Amino acid sequence: MNRNQLFTIASNWFHEQGWKPHTFQKETWTAFLQGKHGLLNAPTGSGKTYALWFPIVLHYIKQNPDYKNKHKKGLKAIWITPLRALSQEIKQSAERIVQDLELPMTVGIRTGDTSTKERASQRKNMPDLLITTPESLQLLLASKNYDKTFANCSAIVVDEWHELLGTKRGVQMELGLSRLKTVCNQLRIWGISATIGNLEQAREVLLGPITAEMENSILVKANLKKKISVKSIIPKQMETFPWRGHLGLHLLDEVVPIIKKSKTTLLFTNTRSQCEIWFQKILEKYPKFAGELAMHHGSIAKETRLWVEQAIRNETLKAVVCTSSLDLGVDFAPVETVIQIGGPKGVARFLQRAGRSGHRPGEESVIYFLPTHSIELIEASALQVAVKDNAVEDRLPFLNSFDVLIQYLTTLAVSDGFIPEEIFSEVKQTFCYQGITKDQWQWLLNFLVLGSQSLKSYDEYKKVEIEEGGKFKVNNRGVAMRHRFQIGTIVGDAVLSVVYQKGGYIGSIEEYFVSKLNPGDVFVFAGRNLEFIRIRGMKVQVRNSNKRSNKVPAWAGGRLSFSSQMSELLRQELYKVSENKNMSTELKSLTHIFERQRLESTVPTPKEFLIETFKSRDGYHHIFYPFEGRAVHEAMSSLLSYRIGLLSPITCSLAFNDYGFEMLSDKPIDIQAVIDNNLFSPEYMLSDLQKSLNSNEMARRKFRDIAVISGMVFTGYPEKGVKMKHLQSSSQLLFDVFRDYEADNLLFQQAFTETFEHQLEEGRLRIALERIRTQEILWAKCENATPFSFPLITDRLREKLSNEKLADRIKRMTKILMK
Amino acid sequence: MTQTITIDAQQFVLHPLGGIYWVEKSMLLISDVHLGKVSHFRKFGAAVPQKAIHKNFLLLDKIVSEFQPFHLCFLGDLFHSSLNKEWDFFANWVAKTPSKISLVIGNHDIIASEKFTALDIEIFTELQLDNFLLTHHPEEHQKLFNFCGHIHPAIKLQGFGRQRLKLPCFFKTKKQLILPAFGEFTGNHTLKPKKEDDVFVLVEGEVIKI
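A quick note: this is a predicted structure, and the numbers were derived from the prediction, not measured.

## Re the sheet that holds strand 3 (residues 107-110) of chain A
Residue and element names in this part refer to chain A.
Phase 1 of the analysis: Read from one edge to the other, the open sheet built from seven strands follows the order 3-4-2-5-6-1-7, with strand pairing classed as parallel. Looking at strand neighbours, the two that pair on one side only are strand 3 and strand 7 (217-221), the edges of this open sheet. Between one strand axis and the next, the sheet turns by 15 degrees as a mean value, whatever way the strands run.
Phase 2 of the analysis: The sheet contacts of helix 2 (residues 23-33) involve strand 1 (37-41), strand 6 (188-193) and strand 7, and relative to strand 7 the element is tilted by about 170 degrees.

## Comments concerning the sheet that holds strand 3 (residues 20-22) of chain B
Residues and elements named next belong to chain B.
Phase 1 of the analysis: If you walk across this open sheet you meet the seven strands as 1-2-3-4-5-6-7, and the pairing is mixed. Bordering the open sheet on either side are strand 1 (3-7) and strand 7 (122-124), each of which pairs with just one other strand. The average angle at which neighbouring strand axes cross in this sheet is 25 degrees, direction not considered.
Phase 2 of the analysis: When strand 2 (residues 10-14) meets strand 3, the two strands line up antiparallel, connected through three bridges. The partner of Leu 14 across the bridge, within strand 3, is Ile 20.

## Here we look at helix 14 (residues 302-313) of chain A
Residues and elements named next belong to chain A.
Phase 1 of the analysis: Its twelve residues give helix 14 an end-to-end C-alpha distance of 17 Å, which sits within 8% of 16 Å, the value for a rise of 1.5 Å per residue.
Phase 2 of the analysis: Those residues of helix 14 not exposed but buried are Arg 305, Glu 309 and Ile 312. For helix 14, the angular spread of buried residues about the axis comes to 60 degrees, placing them on one side. Along helix 14, exposed side chains directed more than 90 degrees from the buried face belong to Glu 303, Leu 306 and Gln 310.
Phase 3 of the analysis: Structurally, helix 14 contributes buried residues whose contacts are with strand 9 (264-268), strand 10 (293-296), strand 11 (319-322) and strand 12 (335-341).

## Digging into the environment of A:Glu204
All names here are of chain A.
Phase 1 of the analysis: Along the polypeptide, Glu 204 turns up in helix 10 (residues 199-207).
Phase 2 of the analysis: With 19 C-beta atoms packed within 10 Å, Glu 204 lands in the partly exposed category.
Phase 3 of the analysis: Sequence separation between Glu 204 and Gln 25 is 179 residues, and the spatial gap between their C-alpha atoms is 21 Å.
Phase 4 of the analysis: With sequence-adjacent residues up to four places away left out, Glu 204 is seen in contact with Pro 209, Met 214 and Phe 431.

## Regarding the confidence of the model for chain B
Phase 1 of the analysis: Taken residue by residue, chain B gives an average pLDDT of 90. The fraction at 70 or more is 99%.
Phase 2 of the analysis: Scoring of the predicted complex yields 0.80 for pTM and 0.84 for ipTM.

## Overview of the domain arrangement of chain A
Residues and elements named next belong to chain A.
Phase 1 of the analysis: Examined at the domain level, chain A breaks down into domain 1 (3-221), domain 2 (228-389), domain 3 (402-486), domain 4 (495-544) and domain 5 (590-818).
Phase 2 of the analysis: Taken together, the contact pairs twelve residues of domain 3 with ten residues of domain 5.
Phase 3 of the analysis: Of all the secondary-structure elements, those providing two or more residues to the side of domain 3 that touches domain 5 are helix 17 (402-414), helix 19 (438-450) and helix 20 (477-486).
Phase 4 of the analysis: Here the element with the most residues in the side of domain 3 that touches domain 5 is helix 17; it accounts for six residues.
Phase 5 of the analysis: A class-by-class count of the residues in the side of domain 3 that touches domain 5 yields five nonpolar, five polar and two charged.

## Observations concerning the packing of helix 17 of chain A against helix 19 of chain A
Residues and elements named next belong to chain A.
Phase 1 of the analysis: Look at helix 17 against helix 19: their axes get within 11 Å of each other, and the N-to-C directions meet at 55 degrees. In terms of axis orientation, helix 17 runs oblique to helix 19. The two elements helix 17 and helix 19 cross, and the hand of that crossing is right-handed. In this structure, helix 17 contributes Phe 402, Leu 405, Ile 406, Leu 409 and Thr 410 to the contact, and helix 19 contributes Leu 444, Phe 447 and Leu 448.
Phase 2 of the analysis: The class makeup of the residues in the contact of helix 17 with helix 19 is seven nonpolar, one polar and no charged.

The rules behind the values
- Residues numbered from 1 in each chain as written.
- Chains lettered and ligands numbered in written order.
- Predicted model: local features only at pLDDT ≥ 70, side-chain atom pairs only at ≥ 80, totals over all residues.
- Pairing = 2+ DSSP bridges.
- Helix = DSSP H or I, 4+ residues; strand = E, 2+ residues; numbered from the N terminus.
- Axes fitted to C-alpha atoms, helices over the stretch in contact; angles between N-to-C directions.
- Contact = placed C-beta atoms within 7 Å.
- Expected span 1.5 Å × (residues − 1).
- Buried ≥ 20, exposed ≤ 12 C-beta atoms within 10 Å, placed from the backbone.
- Arc of directions from axis to C-beta.
- pLDDT = per-residue confidence, 0-100.
- Domains from an automatic or database assignment.
- Nonpolar A, V, L, I, M, F, W, Y, C, P; charged D, E, K, R; others polar.
- Parallel < 35°, antiparallel > 145°, perpendicular 65-115°, else oblique.
- Left-handed = near helix turned anticlockwise from the far one by under 90°.

Quick look at the structure:
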């Protein structure tokens, strides 16, 4: 069969559905059938699944013209999805094609939710088309004779590649692909990504920067222009002090008419706890919505989530309060309106959420922006501009993540073992490890085998062994078992499952939250009031309660920073205020807040850099406003407090948001000395920043993930109830031990480089400091807190920093206690 | 910098490494050393730095040479888990240490007591001396004053400017004193003192009363 005949099959099928293939779909089919690799840039709901399922199937038909009579069993293609919630959807679209074309192919799913029985039968008999997650793919690589499983796999599609790109799961994927390139015959690699700033780089990361695959590849763009309109919900009554932590609930009454007006509305919140609270409050105030309102977030049981998704499709729900768990995949045609509660922190994310509504061709996407504090209206104003200019941000890929590499090498050692020379050349081809040196590689191998860089006779370290013939292999069953449990790079606090006493899984919450509960306490979870009974194994037993409670579990992580594009737009909006020109409706509605700000301090112009100081019951507040986004502020505050500490020892706590940062201290800081000594200078930035990290805890926190991923800390496995108490240690302890005894350890070092490159965005910091150099520093000595400062000074999640002698601090503290 | 306290007319010196020296009896009390923990982790494939193994012995040497006690008593959790090669280091250390050594058994001490007796270490489940009761788990006793470990106590301090600190400590109530964990690579557990409790924190080579 030639390509035209194959295309006819596909086109006919589209006609039967009453559709017409898009240009981008045909482009993808052609490229795929030509044997090319590539990246498809297409938004959710555009038919991207058919753009790649079809050529996979057509290729099979081409290779096996007699497919109706003779079917060869075994894996033909893999579809990777970052969220297992999406796998059902993808399976359905694949099955639809397979059935309609009367192909003898089977479609299967393998994720963390797949039963052990199902897995076992898959191991014997793999489905032709397999839908799985990056972690489950690694697990396949950890099973014996995996090379036979993959031998005849001719395609792998990585869906939602943009979601994986800036994460360690992305690195895991890069490594997985590097292996598959070798074990599969004629593998085609395809990625699907939403629009991000660095699409070209995204392709490079997927295929490897200098590889034959990259050479023979293509970037297909869907270019489906969609009209998006952004509407801000402006409170009728504006409070002067934009207190944070409102969660936007004061605007609840304004939301209800919007929900009533449209068929189905999605309300996006930024955190799971915010999601829980919103759900609760809407029902409390408008009990009529009961039965028509649902909730969806990542910690709720899978069955409930699936039910909610199905109910959206059936149009039985009026509204769903959700988190990023509904960002991806899953097409919901009935969604007419989207409400974003609180700043979305990024343009790409905002656009994607907006695109959740109005899926029918030609329909406009409507998204409402609901500010949680009034200053966020400035953000809304900036978002308007961003949407108009389609100013999306980059997703930065990781470099040299040795923790993931250690995990991967252990994976290979667990299954069939590996020969270092073979694997090194594969690893070296990936984007993440393109710069890895022979020395670093040798270090990693030593670490795997010896647990250190030198052999000591008394040492009993046991993990990977070198067999005759130079094969690196894990022979100890315990090591292998623990490693399989541990595969996966998404780490958080230890997670416990929440169950009813008589059984019945409700969801999962972090141990940290549970540790604060006493038996009998009531908390809100999954929209229910639950009474805490006890912890059994890794399970939290609860019963329903009629008592009301305001305790809502908090899930750590997930504080996002503005991208540089967004920060730039935000500054431009503020400058409009300072110059009183071109003000948007949002900005105009904030007039009296700006007035109040001017009364106490000022609204800076592009030429000015604002510093405010004042004293309160909490201590001495010093607030700096670079308007550069949270990540840059984190770095800048660390740098600045280090430099101030050189003038005279200080102890302070730091808070940062997207507008600025605060240093709170028990003694006033001499701002004049900060200005006179030119402490914002970009000179010696890197070395100062490095030193500053020793006095705070950022690197320490990074190390936590690294320790888990590289297998040095064993977390146990919640649902399996495996307890490893004797092997549990906190990564904090481990960090201290490494600092004191093995500071040159590559994994320990990685904690610092990661803090720089990913968290602190060193490059952006330098640009910001250069900019401040050209600005005039305005020091406003205020009597009271200013509106700009409010969100900062009320932030309780803080970074601590000190270069004072501990004993001195304690003596000062005890003095206060005794007073 | 140590702190000396008097209980029932007896003098006790609190040492910043976490030990207590009973002056009248020339007896040094040390709790929760958790020897062998590093090796145990390494045996199970977690690459904790080897160098950390020797630190415990160096610290033990230091505190013993400072007081040169006649009697050294461990209040439990001397070893973290089953036998490993750190036992040999321990045996060496015992051989060169002149003090008489006893162990009050803790929940982690699962190594056979014959192994200890072979090193001339006396084993107790609890030990009563005059009006004092030495145990691993905290005990409440009508008459006796209890020295114990197990908890790995620490307290949190708060100061102006939202400052917070968490530090290991000796935690003394009316009839009891809980010792901090002596060992490296051991965690701690925060306690909240009541008004009548005395807390002595360990900080940078000093013992400070809060």
